[in-house]
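Notes for the structure review
Chain by chain, the residues run as shown.
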Amino acid sequence: MSDVAPSADVLENRSLVVEDLKVHFGGGKTLFSGNKPTVHAVDGVSFTIPAGKTFGVVGESGSGKSTTALAIMRLVPVTHGKIALGDTPISDLENEELRAARHRFQIIFQDPYSSLDPRKRAGDIVREPLDLMKIGSRAERDAKVAELFTQVGLRPEQKALFPHQFSGGQRQRLSLARALSTEPDLIVCDEPVSALDVAIQAQILNLMAKLQRDLGLTYLFISHDLGVVQHICDEIAVMYLGQIVEQTDRVTLFKNPRHPYTKALLAAVPSVHGNKRDRRNRVRLEGDPPSPINLPPGCRFASRCPMAEAQCRQSSPPLEEKATGHKVACFLV
Amino acid sequence: MSADPLLSVKDVVVDFKTRYGNARVLDHVSLDINAGEILGIVGESGCGKSMTALSIMGLVPDPPGKVTSGSITLDGVELVGMTHDSLRKIRGKDIGMIFQEPMTSLNPVFTVGEQIAESVRLHENANPKAAMSRAVDMLKAVEIPEAEARARAYPHQLSGGMRQRVMIAMALACRPRVLIADEPTTALDATVQAQIFDLLQDLQKDTGTAIMLITHDMGAIAEMADNVAVMYAGRVVEKGAVDVVLSAPQHPYTKGLITCVPHLEPDPPTERVELMEIPGVVPALTELGKGCAFAPRCNEAIDRCTGEKPPLLSTEGTHLTACWVAQQEAAR
């Protein structure tokens, strides 16, 4: 089964299309007076992930990258927009239809400590999705769990242990096994290695790359760590305050970043090749991003942008293709 | 380098009594920091980085922990075994500390101004008004806009980067000679981290404070530190000038730490390579054998590594490495 590469028509059905996704929180009336403020967490995000590829979303906290992930998983209400995985319109499904479709898209969370039930044995955690989806007979499920354990680099006899008996890296392997159990087409990875020690990060990233090669999985990879994203992703979108400001393939983004925010973000990452003197020359960002409640009328980055001009503060630049496969939302490039 | 170091940690051993036996969390750790120097300490979780900081501050939780032997001197004054009262006079005055989590290490029921002023009042007997005006000056020094107004703000009204600036202002309010920064930017975004690093370097240039920067990020070490000590399982395994250690690491653990992280390349190769891995995990401190603690994860280990602990010896000038293999190579 899973060791055999999937056939072409299965792969075909594994691309993710997101169109003009908006997720707004709040709004409506408060109990006594006035309107509740609306938080524009995700505000018009569109992208396509080809089957079997890894799409990275980077940005700082509050940029809406995690909310995008949760919306695609249908774990937060989608305010507007379309999400389709192959021929399945994820954003249109409700109730039982949605539940039944969930085996096709799974998620791995950031914190391997709080995302595993401490009172369940490891084997039962991995088996639970199979039970819920009623996949296979009892014996088949047991065999499947043992196979998944081996696949993610755990020993099948560790099935009887509880999560606290595993290290952080092993727990993330468990999360992966749980996500893989329903043989999904898409895995949404929300900062899967951020909580791990540097030496363990490499183990998990290599495992994820291997699983993708073997199983032809499509990954949506959310991270704030540009080094990790550069390593694992095929195409990358940079988000700022709920919108994509730049999107291109992994080589171009780092070689030729065009949006001022991307440039500042890249320059902010300390490098082992750099030295103390280099850093004085970098683009330095002042202050914090504006609040997603009271958004400025123009470009959302204008208040911190070293290059901003008058037009940037009046109207908001659209995400346009400035070179082949290189989209940038900025008037000045 | 000839003058006596400002802060000197010599052969410090810290033991913790646990249910599973004695855990030696620091095993003969020696470090020196000179005035105006930034010393970086790197390693994975559980390697003793934070415990080194706590032992300098006299904050090792006792019981179950205990500084078993060794000496820590600040400007020649012995800190190990000092009474609680004398230590309290040094903490926050001569040695300041910044913690990792700016959310939990500020008191939510006092304004940030009051919290900064508190240490000035206690350590310098300043009257409340003078202390408060110092607090506002400190907030200006850490580049917080509208410092007078912000001094009256409560921690929850500030962003993460602002809170970390407040922590720095608090740590520096009494002009300490040593500042211990324990993962000061781990909880922050990259652009904010860059702001905090710039700020720390500017402040250090102005005041000549020695900084001990604890981190797990080799990139941060490269940008900030003059010297670096790599710790593993409670021991310093490699120590030297930053540019030397990073460009020519000797210990296999240091090599692993540098290569296993996907570094941001300005011009990434089109073909992707598999990341180097350090196999396995950090060993439990109660289960250390008599050999090198890293030997089970090391791909260069020889027989001697499992039988005998390598001492920290010079492999090239002031570059010290605790590894039998590296020392053999150096002797050749």
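Given the structure is predicted, the values throughout are model-derived calculations rather than measurements. By convention here, each chain's residues receive numbers from 1 onward along its written sequence. Starting at A for chains and at 1 for ligands, labels are handed out in the order in which the entities are written. Confidence filtering applies because this is a predicted model: local features only for residues at pLDDT of at least 70, side-chain atom pairs given and counted only at 80 or more, and all residues used for totals across whole chains, interfaces and linings.

By definition, any uninterrupted DSSP run of H or I lasting at least four residues is a helix, any uninterrupted run of E lasting at least two residues is a strand, and each is numbered from the N terminus. Counting its regular elements, chain B contains twelve helices and twelve strands. Its C-alpha atoms give chain B a radius of gyration of 21 Å, near enough to 20 Å, the size a compact globule of 332 residues would have. When its C-alpha atoms are laid out on the principal axes, chain B stretches across 65 × 55 × 45 Å. Each residue is classified by how many other C-beta atoms fall within 10 Å of its C-beta atom, where C-beta atoms are placed from the backbone; a count of 20 or more means buried, 12 or fewer means exposed, and values in between mean partly exposed. Here chain B, with 332 residues, has 49% of them falling under the buried criterion. Residues are scored as being in contact if the C-beta atoms we place from backbone atoms lie within 7 Å. A sequence separation of at least 24 residues applies to 63% of the contacts in chain B between residues at least 6 apart. In this setup the radius of gyration rests on C-alpha atoms only. A globule is expected at 2.2 Å times the number of residues raised to 0.38.

The next thing to look at is the overall build of chain A. Secondary structure summary: chain A contains eleven helices and eleven strands in total. Against the 2.2 N^0.38 benchmark of 20 Å for 333 residues, chain A shows a C-alpha radius of gyration of 21 Å, consistent with a compact globule. Projected onto its principal axes, the C-alpha positions of chain A cover 70 × 55 × 45 Å. For chain A, buried positions account for 45% of its 333 residues. Long-range contacts, defined as pairs at least 24 residues apart, comprise 65% of the intrachain contacts of chain A with a sequence gap of at least 6.

On the side of chain A, 35 residues touch chain B, which itself brings 38 residues to the contact. The residue inventory of the side of chain B that touches chain A, partitioned by class, reads 18 nonpolar, ten polar and ten charged. When residues are sorted by character, Ala, Val, Leu, Ile, Met, Phe, Trp, Tyr, Cys and Pro go into the nonpolar class, Asp, Glu, Lys and Arg into the charged class, and all the rest, Gly among them, into the polar class.

Parts of the model with low pLDDT should not have their predicted coordinates read in detail. Residues and elements named next belong to chain B. Of the residues in chain B, 99% reach a pLDDT of 70 or more, and the chain-wide mean stands at 88. The predictor attaches a confidence to each residue, called pLDDT, with possible values from 0 through 100. For chain B, the element scoring lowest by mean pLDDT is helix 7 (residues 190-207), at 84; strand 9 (residues 227-232) scores highest, at 95. Reported for the predicted complex are a pTM of 0.84 and an ipTM of 0.78.

In this section: helix 7 of chain B. Across its 18 residues, helix 7 of chain B extends 26 Å between first and last C-alpha, which sits within 8% of the 26 Å expected from 1.5 Å per residue. Residues of helix 7 of chain B that are buried make contact with helix 10 (260-268) of chain A together with helix 6 (160-172), strand 8 (210-215) and helix 8 (218-224) of chain B. Looking at the residues trailing helix 7 of chain B, positive phi occurs at G208(B), about 70°. Residue count minus one, scaled by 1.5 Å, sets the expected span of a helix.

Glancing now at the sheet that holds strand 11 (residues 326-328) of chain A. Residues and elements named next belong to chain A. Two strands pair under a simple rule: DSSP has to find at least two bridges between them. Strand order across the open sheet formed by eight strands is 5-6-7-3-8-9-11-10, with mixed pairing between neighbours. The two strands at the open ends of the sheet, each matched to only one other strand, are strand 5 (105-108) and strand 10 (320-323). Direction aside, neighbouring strands of the sheet carry axes that sit 25° apart on average. Axis lines are fitted to C-alpha atoms, over the contacting stretch for helices. Their N-to-C directions set the angle, which ranges from 0 to 180 degrees. Of the strands in this sheet, strand 3 (54-58), strand 6 (186-190), strand 7 (218-223) and strand 8 (235-240) are in contact with helix 2 (residues 65-72), which crosses strand 7 at around 150°.

Attention shifts here to the sheet that holds strand 2 (residues 21-33) of chain B. Strands belonging to one sheet form pairs held by backbone hydrogen bonds; the direction of such a pair is parallel or antiparallel. Residues and elements named next belong to chain B. Read across the sheet, four strands follow the order 2-1-4-5 without closing on themselves; strand pairing throughout is antiparallel. Lying at the two open borders of the sheet, with one neighbouring strand each, are strand 2 and strand 5 (77-78). With nine bridges joining them, strand 1 (residues 7-18) and strand 2 adopt antiparallel strand pairing. Its bridge partner lying in strand 2, V9 is registered against L31. In the packing of helix 1 (residues 49-57) onto the sheet, contacts are made with strand 1, strand 2 and strand 4 (65-74), and the angle to strand 2 comes to roughly 75°.

All names here are of chain A. Close contact between helix 6 (residues 168-180) and helix 7 (residues 198-215) brings their axes to 9 Å; oriented N to C, the two are set at 20°. The angle between the axes of helix 6 and helix 7 places the two elements in the roughly parallel class. The two elements helix 6 and helix 7 meet at a crossing, and its hand is right-handed. Facing G168, G169, Q172, R173 and L176 of helix 6, the residues of helix 7 in contact are I200, Q203, I204 and L207. By residue class, the composition of the contact of helix 6 with helix 7 is four nonpolar, four polar and one charged. In what follows, roughly perpendicular refers to angles from 65 to 115 degrees, roughly parallel to angles under 35, roughly antiparallel to angles over 145, and oblique to any angle outside these ranges. We call a crossing left-handed when the near helix sits turned anticlockwise from the far one by less than a right angle, and right-handed when that turn is clockwise.

Moving on, we get to unusual backbone geometry. At the junction of D62(B) and P63(B), the peptide bond is cis and its omega measures out at -15° in the coordinates. Structurally, P63(B) can be placed in the loop between helix 1 and strand 4. With an omega of 10°, the peptide bond between P63(B) and P64(B) qualifies as cis. Here P64(B) is to be found in the loop between helix 1 and strand 4. For D20(A), which is not glycine, the phi dihedral falls at a positive 45°. The residue D20(A) is located in strand 1 (residues 16-26) in this model. Among the residues examined, D20(A) registers 11 C-beta atoms within 10 Å and is labelled exposed.

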